[in-house]
Every structure is written in structure tokens, then in C-alpha cells.
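Here's the letter readout for the chains.
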Amino acid sequence: MIMTSKDKVSLLYDTEKGMYLSSSACCRKLSRYKTLACLFVVIVATILITSACISDKFLWREHACELTPLAPPKEYVSMCSKLKDGNPRKKLPEALIIGVRKAGTGAMRFYLDMHPYVEIANAEINFFDFEYQNGIEWYKNQLPMALPGQLTMEKTSNYFHNKKTINRIYNMSSNIKLIVVVREPIERSVSDYLQRKLKVSDKDDVTYPAFEEFVIDQDTGEVDGSEKIITPSIYHKHVVKWLKYFPLENMHFVDGGNLILHPYEEVKKVERFLGIPHCLTQDKFVFSSTKGFYCVKKNKGHREETKCLPETKGRPHPPIDPEVMQKLKIFFKPLNQRFYRAIGRSFNW
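Residues numbered from 1 in each chain as written. Predicted model: local features only at pLDDT ≥ 70, side-chain atom pairs only at ≥ 80, totals over all residues. Heavy atoms only, no water.

1. Section: the confidence of the model for the chain
A low pLDDT means the predicted coordinates there should not be read in detail. Across the chain, pLDDT averages 82, with 72% of residues at or above 70. Low pLDDT, under 50, characterises residues 1–30; the stretch is placed with 17 contacts to residues that sit more than four places away or in other chains. pLDDT under 50 marks residues 62–71. Its contacts with residues more than four places away, or in other chains, come to 25 contacts. (pLDDT = per-residue confidence, 0-100. Contact = heavy atoms within 4.5 Å.)

2. Overview of the sheet that holds strand β7 (residues 251–255)
The parallel open sheet is built from five strands, whose spatial order is β4-β5-β3-β6-β7. Bordering the open sheet on either side are β4 (118–120) and β7, each of which pairs with just one other strand. The average angle at which neighbouring strand axes cross in this sheet is 25°, direction not considered. The pairing of strand β6 (residues 177–182) with β7 spans five bridges and is classified as parallel. Bridge pairing links Val180 to Phe253 in β7. Along the sheet face, helix α6 (residues 105–113) touches β3 (95–99), β4, β5 (151–155), β6 and β7 and points at about 160° away from the line of β3. (Pairing = 2+ DSSP bridges. Helix = DSSP H or I, 4+ residues; strand = E, 2+ residues; numbered from the N terminus. Axes fitted to C-alpha atoms, helices over the stretch in contact; angles between N-to-C directions.)

3. Considerations on the pairing of β7
Taken across its five residues, β7 has five buried, putting it largely inside the fold. The two faces of β7 match: Met251, Phe253 and Asp255 on one face and His252 and Val254 on the other face are all buried. (Buried < 20%, exposed > 50% of the residue type's maximum accessible area, 1.4 Å probe, protein only.)

4. Quick word on the nonpolar core
In summary, soluble globular proteins display a tendency toward joint burial of nonpolar side chains. Core analysis: the largest hydrophobic core is formed by 58 residues, its most contacted members being Ile98, Met153, Ile169, Ile179 and Leu274. Other than its neighbours up to four places away in sequence, Ile169 contacts Leu96, Ile98, Phe128, Tyr159, Ile176, Leu178, Trp242 and Phe246. With 16 residues, the next largest nonpolar core counts Val190, Val223, Ile230 and Val324 among its residues. (Core = buried A, V, L, I, M, F, W, Y, C linked by side-chain atoms within 4.5 Å.)

5. Notes on the state of the cysteines
This structure, assessed with the given rule, holds one disulfide. Residue pairing for Cys295: its cysteine sulfur links by disulfide to Cys308, the two sulfurs lying 1.9 Å apart. For the disulfide bridge between Cys295 and Cys308, the dihedral angle about the S-S bond is near 105°, and by the sign convention the bridge is right-handed. Residue Cys295 is located in strand β9 (residues 293–300), and its partner Cys308 is located in the loop between β10 (303–307) and α14 (322–343); the two are separated by 13 residues in the primary sequence. Residue Cys308 is classed as partly exposed on the basis of its relative accessible area, which comes to 26%. (Disulfide = S-S within 2.5 Å.)

6. Considering the packing of α6 against helix α13 (residues 263–274)
For any two helices packed against each other, the geometry is given by the interaxial angle and the distance between the axes. Where α6 meets α13, the closest approach of the two axes is 11 Å, and the angle between their N-to-C directions is 70°. On the basis of the axis angle, α6 is roughly perpendicular to α13. The way α6 lies across α13 gives a crossing that is right-handed. Residue-level contacts link Met108, Tyr111 and Leu112 of α6 to Pro263, Glu266, Val267, Val270 and Leu274 of α13. When grouped by side-chain class, the residues that make up the contact of α6 with α13 number seven nonpolar, no polar and one charged. (Parallel < 35°, antiparallel > 145°, perpendicular 65-115°, else oblique. Left-handed = near helix turned anticlockwise from the far one by under 90°. Nonpolar A, V, L, I, M, F, W, Y, C, P; charged D, E, K, R; others polar.)

Dropping the structure here:
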């Protein structure tokens, strides 16, 4: 409802004093019909502003409760009720994706961000490794708003191989659930190398050394296990440190290779691990032949849209010298076996 008269505008808002006049004064000047119309406009505006301020994911919560849950019926009904009726607020995370970098953590974050029972930070916060001095309240303020019944999550892929993070995360919550995405270690190392190379090439006009120069020690001719693109792939070295603080049942290991080929299978396992309803059903995953990976169909209000990973994902890897490749396979084989024994599971690398 638009009021053109200066006198009427002054009844609603005093521009000089910066304060509203009492509602009773307004009602004395307006007819009953105009009052109802005014209230209607205010209610509609409030709804629009509120829906703009909170995640569009909240508009999907009605649909989520119609999907087949993994949780027991009584617990599921309770979760749906909280999701529909609760108010969003900031809270510390109940689950983290801690790594491994270049193994598929971005894809897992992307898929979980589609889930109506998850609110996950849009970017890596790096609180437990590089921003810890800012304090826990600062960290909480970086996290998204979440409704009762929703999990708050964060993904920082460097946590897994940074020894400082383990005790810090444990001090925040000893019961937190930890998701670790792992990938065939040579493929992960090549992907790590490629990302570093592209970052440098974009900034500097320099010739970046070949992958083989990074991973092979020039003095010994063998694999350099201390190289930065190799150490994150030595999974057992890091996981044994985490297991000193957290029980194995608090950690879930995602097969990064299968996440690319069959994301539905890996996401379903994560839903079960997190104890949230099974909402990302198989029909939600749609393979994009142009992009080369799976996208997700998502309900947005009464519409359905398809969202995909950014173009930077799924870059082709450069060819590796066969002799270097063989040395890497020999280097990683016993390390992989130690990793399998530590977590009680094999990935057949």
C-alpha cells in the first residue's frame, strides 16, 4: 500500500526524530479496511525478508519429511517437527570433514550442502590449524545458521595432516564425528601437484617444475616421502594420531574414487554415519556428460533445479613417466597396507 500524502507518511514515521509513532495513532487515522491491508503488506514483507535471510535449503524441509528415512520412525518424526517449527541459530559443529585435500572433500561438501538436514560452511575456515588464536566464539560466528534437528558442519581439508588440529578439535568436542575422504594416493598426489601448479602459473610468469621433479629425490633417485604433495597421501601416518584421541567409530572413511563414479553410494553411507534421514536418493544424482561428473537435482520451493560442482573440479591429469609411476607404486604399497590395518578396511589400491 503506497501513501503519497506527506501528512500520512508522517503518521507512520518521523524522519527528523528517527522513531515510529504509536500504533494507536496510526489506527485512529486509518479505516478498518486500510488497517487490514497494511497488516497484510507487513506480513508479506516479513515473510519475504525472512526467506531471503535464511538459506533456501529451509524451503525444502517440508519435502524432506516425505522421503524415506533411515532413522527409526519415532525419532524421524521428532526430527521433522524440529526442522519445521524451530528457529535457526549459530552453534558449534557436530561433524567435520577433515580431509584429505584433493581426495574429494569439495565434492562431499557440495553433496552434503544439498541435504536439508545439514548446514555446512561455504568455505574452509581453517580454524583449528591457522585461525585458532581468534577463539571459539569467532569460529562459531563463521559457521552457518542451523535449525534444531539440523547438523552444523565444516570442511577444511588440511586438518587431517596437520598435527596441531587433533587436540584442538578434541578439546572442543570429544564426541564429534569426523569424515575423511581418501583417494588412491598417487592420483591424490598428482591432483595436489596440479592445483599447486595452476595457482602459481596464474600468478607468476614462471615455468613450474614437472611432477617427477617434485616426487623424486635428486640425490637418491627414490621417492621423496617428505615432499608436501606426498605426505598427505601417507594416510596411516596421520590416522594413527587421530585414533589416539578419537575411537574408530567416530571416523568415517569415504572412498574418493567411488565418490566420483557412484556418489550416491558414498553419500548414503555418510547419511547413515551422521544419523540423518536418507534424503539424497539415487534419482537426485544426474550425470553430466559435458562436465564429466554427477550433479544433484534439488527442490527449491515448488521448483526443481540442478546444481553441479564448479568448473575447476575434475581437471585432466598430466601423463606421468612410467618409471616414476612404478617407483610410486612400490613406495605406497606397504604404506597402504598399514592404513588398511589401522582402520580395518581395504580400498584395494
